[in-house]
Amino acid sequence: MTADNCDSLEGSQTTIGQMLESNVSKTLREGNITKNSSCGSVSVGFPITMMVTGMVGNSLALILVYISYRKKENKRKKSFLLCIGSLALTDLFGQLLTSPIVISVYRADLKWERIDPSGNLCAFFGVCMTTFGLCALFLASAMAIERAMAITNPHWYSNHMKTSVTKQTLAVIWCLVLLFALLPIAGVGKYTRQWPGTWCFISTGDSEVPGNIFFAITFAALGIFSLLVTLSCNVVTIRGLIIRCKTKSGTSQSSKQWERLTTETVIQLLGIMCVLLICWSPLLVLMLRMVSTQVSSHECNSTAGTSNNTTGRDVHLDCNFFLTVIRLASLNQILDPWVYLLLREILLRKFCLVANAVSNCSIEEQKETQTALDALNKPNQDSKDICKSQSN
């Protein structure tokens, strides 16, 4: 802009002050552009860390699921193990297919056009985000429904819940979600690059695109519906576990094992609900709000550096918040194997052992205290007996 202004003033005399003012204003504008364009972005270490941790956790979960599935004594758990294995495989592929693209964009100085001149990679990235995001939510709902049926109606579950039914259900979930994610490819909805230009997702502000509002609202509604189903089924499962635990209360070894299993399962289900709510509810609610206000995160790419007023800062704050909530949703792919399998196998048992040790210690302390009191009272009682015998 400064060079154009200087060319338009041909034949006029430029003073030193005007040259200085022009150079200073140019420097300030370039500084604002650099600052705004880098606002909300992080180094390439963030996606690399998420990819590595996600691969490690989901790979460990797949190994444990495979080992448990091969054991003959786990026949009743095979449906649940299939669901966990499918979830871990979904999260693993989600990390493998999306994270390398993000890392490549960071290496290209946040310029998507360098690695995707045609724009087809953006559509592929959006399909992956939609597919693996909704699949993870629906698989969590399937596991919650499966556990609720196993606890509330165990006889019907053991007679009708076969592994073939589980496999068919998982295949249907995958196919339906994939077909839904391909709607923008067919012309219904649109995937666009989102702030800061390192990823692609559903556009929430282009009302001119046919079916775009419908596609964005449907994605958010399906996600919220899946969360509600998962939370409701987990609450039903916890209630059923507590009722069965009360009916089996006693001093036998089987009742103690049932109490321990109930404690582990309740803690696990509470952890699942907390992780799902924290990771997914901000994104789904924000998407509905952005659709209602006709705002999209990709608009920040075009407004970066053009404004330095309060409105510009508010726009970037919204875009940065959208980037934060999508990272929370991506974090769910890393936490899933831990809250569903690894946490129970490693941490919950340690927690229960510590809790039992503390309770046993308190009981032992009470016994030792009572023994000490008896020992203190015994000499006094002996002296009283001696005095009575002498008086007689």
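For the structure itself, look to the data block above.
Described in the following lines is the structure provided in the data block.

Conventions and cut-offs
- Residues numbered from 1 in each chain as written.
- Predicted model: local features only at pLDDT ≥ 70, side-chain atom pairs only at ≥ 80, totals over all residues.
- Heavy atoms only, no water.
- Helix = DSSP H or I, 4+ residues; strand = E, 2+ residues; numbered from the N terminus.
- Contact = heavy atoms within 4.5 Å.
- Disulfide = S-S within 2.5 Å.
- Buried < 20%, exposed > 50% of the residue type's maximum accessible area, 1.4 Å probe, protein only.
- Phe/Tyr/Trp six-rings, centres within 6.5 Å; stacked < 30°, edge-to-face > 60°.
- Lys NZ or Arg CZ within 6 Å of the ring centre and 35° of its normal.
- Axes fitted to C-alpha atoms, helices over the stretch in contact; angles between N-to-C directions.
- Left-handed = near helix turned anticlockwise from the far one by under 90°.
- Nonpolar A, V, L, I, M, F, W, Y, C, P; charged D, E, K, R; others polar.
- Polar contact = N/O pair within 3.5 Å; in protein donor to acceptor, adjacent residues only side chain to side chain.
- Core = buried A, V, L, I, M, F, W, Y, C linked by side-chain atoms within 4.5 Å.
- Salt bridge = Lys/Arg side-chain N within 4 Å of Asp/Glu carboxyl O.

**Structural notes on the environment of Cys 83**
Phase 1 of the analysis: Assignment of secondary structure puts Cys 83 in helix 4 (residues 78-107).
Phase 2 of the analysis: In sequence terms Cys 83 and Leu 170 are 87 residues apart; their C-alpha atoms lie 7.6 Å from each other.
Phase 3 of the analysis: What Cys 83 contacts, discounting residues up to four positions off in sequence, is Met 143, Thr 166 and Leu 170.

**Comments concerning the state of the cysteines**
Phase 1 of the analysis: Going through the model one piece at a time under the given rule, you end up with one disulfide.
Phase 2 of the analysis: Covalently, Cys 122 is tied to Cys 200 through a disulfide, its sulfur atoms 2.0 Å apart. The S-S bond linking Cys 122 to Cys 200 shows a torsion near -120 degrees; that makes this disulfide left-handed. Within this pair, whereas Cys 122 is found in helix 5 (residues 120-152), its partner Cys 200 is found in strand 2 (residues 199-202), the two being separated by 78 residues in sequence.
Phase 3 of the analysis: Among the residues examined, Cys 122 registers a relative accessible area of 6% and is labelled buried.

**Observations concerning the packing of aromatic side chains**
Phase 1 of the analysis: One pass over the structure, following the stated rule, counts seven aromatic pairs.
Phase 2 of the analysis: An angle of 85 degrees between the planes, with centres 6.1 Å apart, marks the rings of Trp 112 and Phe 125 as edge-to-face. Taken as a pair, Trp 112 in the loop between helix 4 and helix 5 and Phe 125 in helix 5 lie far apart in primary sequence, 13 residues in all. There is no split in this pair, since Trp 112 and Phe 125 are both buried.
Phase 3 of the analysis: Three or more aromatic residues joined by ring pairs form one cluster here, namely Trp 199, Phe 201, Phe 219 and Phe 322.
Phase 4 of the analysis: Its guanidinium or amino end placed over the ring of Tyr 69, Lys 78 lies 4.9 Å from that ring's centre, counting from NZ or CZ.
Phase 5 of the analysis: The ring of Phe 80 is capped by Arg 147, whose NZ or CZ atom sits 4.6 Å from the centre of that ring.

**A few points about the packing of helix 5 against helix 7 (residues 163-181)**
Phase 1 of the analysis: The interhelical angle for the contact between helix 5 and helix 7, taken along N-to-C directions, is 150 degrees, at an axis separation of 9 Å. In this structure, helix 5 meets helix 7 at a crossing whose hand is right-handed. Note on element contacts: helix 7 touches helix 5 through Leu 170, Ile 173, Trp 174, Val 177, Leu 178, Phe 180 and Ala 181, opposite Val 127, Thr 130, Thr 131, Phe 132, Leu 134, Cys 135, Phe 138, Leu 139 and Ala 142.
Phase 2 of the analysis: Class assignment for the residues of the contact of helix 5 with helix 7 results in 14 nonpolar, two polar and no charged.

**Considerations on the environment of Met 287**
Phase 1 of the analysis: With respect to the helices and strands, Met 287 occurs in helix 9 (residues 253-292).
Phase 2 of the analysis: The sequence separation of Met 287 and Ala 220 amounts to 67 residues, and the corresponding C-alpha distance is 6.6 Å.
Phase 3 of the analysis: Residues within four places of Met 287 in sequence aside, it is in contact with Phe 201, Ile 202, Thr 204, Ala 216, Phe 219, Ala 220 and Phe 322.

**Digging into the side chain of Asn 58**
Phase 1 of the analysis: Note that Asn 58 resides in helix 3 (residues 45-70).
Phase 2 of the analysis: For Asn 58, a relative accessible area of 0% puts it in the buried group.
Phase 3 of the analysis: One polar contact links the side chain of Asn 58 to the main-chain carbonyl oxygen of Gly 54, over a distance of 2.7 Å.
Phase 4 of the analysis: For Asn 58, the side chain forms a polar contact with the main-chain oxygen of Gln 333, separated by 3.3 Å.
Phase 5 of the analysis: Residue contacts for Asn 58: discarding those within four places in its chain leaves Ala 88, Asp 91, Leu 92, Gln 333 and Pro 337.

**Points about the nonpolar core**
Phase 1 of the analysis: Core analysis: the biggest nonpolar cluster contains 67 residues, and Phe 201, Trp 280, Met 287 and Phe 322 have the highest contact counts within it.
Phase 2 of the analysis: Secondary structure elements with two or more residues in this core: helix 3, helix 4, helix 5, helix 7, strand 2, helix 8 (212-247), helix 9 and helix 11 (310-391).
Phase 3 of the analysis: Here the element with the most residues in this core is helix 9; it accounts for 14 residues.
Phase 4 of the analysis: Apart from residues lying up to four places away in sequence, Trp 280 is in contact with Gly 133, Leu 137, Leu 227, Ala 329 and Asn 332.

**Digging into the pattern of salt bridges**
Phase 1 of the analysis: Under the defined criterion, the tally for this structure stands at three salt bridges.
Phase 2 of the analysis: For Arg 193, the salt bridge goes to Glu 113, with nearest N and O atoms at 2.9 Å. Remark: Glu 113 occurs in the loop between helix 4 and helix 5 and Arg 193 occurs in strand 1 (residues 191-194); sequence separation between them is 80 residues.
Phase 3 of the analysis: The class for Arg 193 is partly exposed, based on a relative accessible area of 28%.
Phase 4 of the analysis: Residue Glu 113 is classed as partly exposed on the basis of its relative accessible area of 47%.
Phase 5 of the analysis: Between Arg 147 and Glu 146 there is a salt bridge, and its shortest N-O distance comes to 2.7 Å.
Phase 6 of the analysis: Accessibility expressed as a relative area gives 23% for Arg 147, which makes it partly exposed.
Phase 7 of the analysis: Glu 146 gets classed as buried once you look at its relative accessible area, which sits at 2%.

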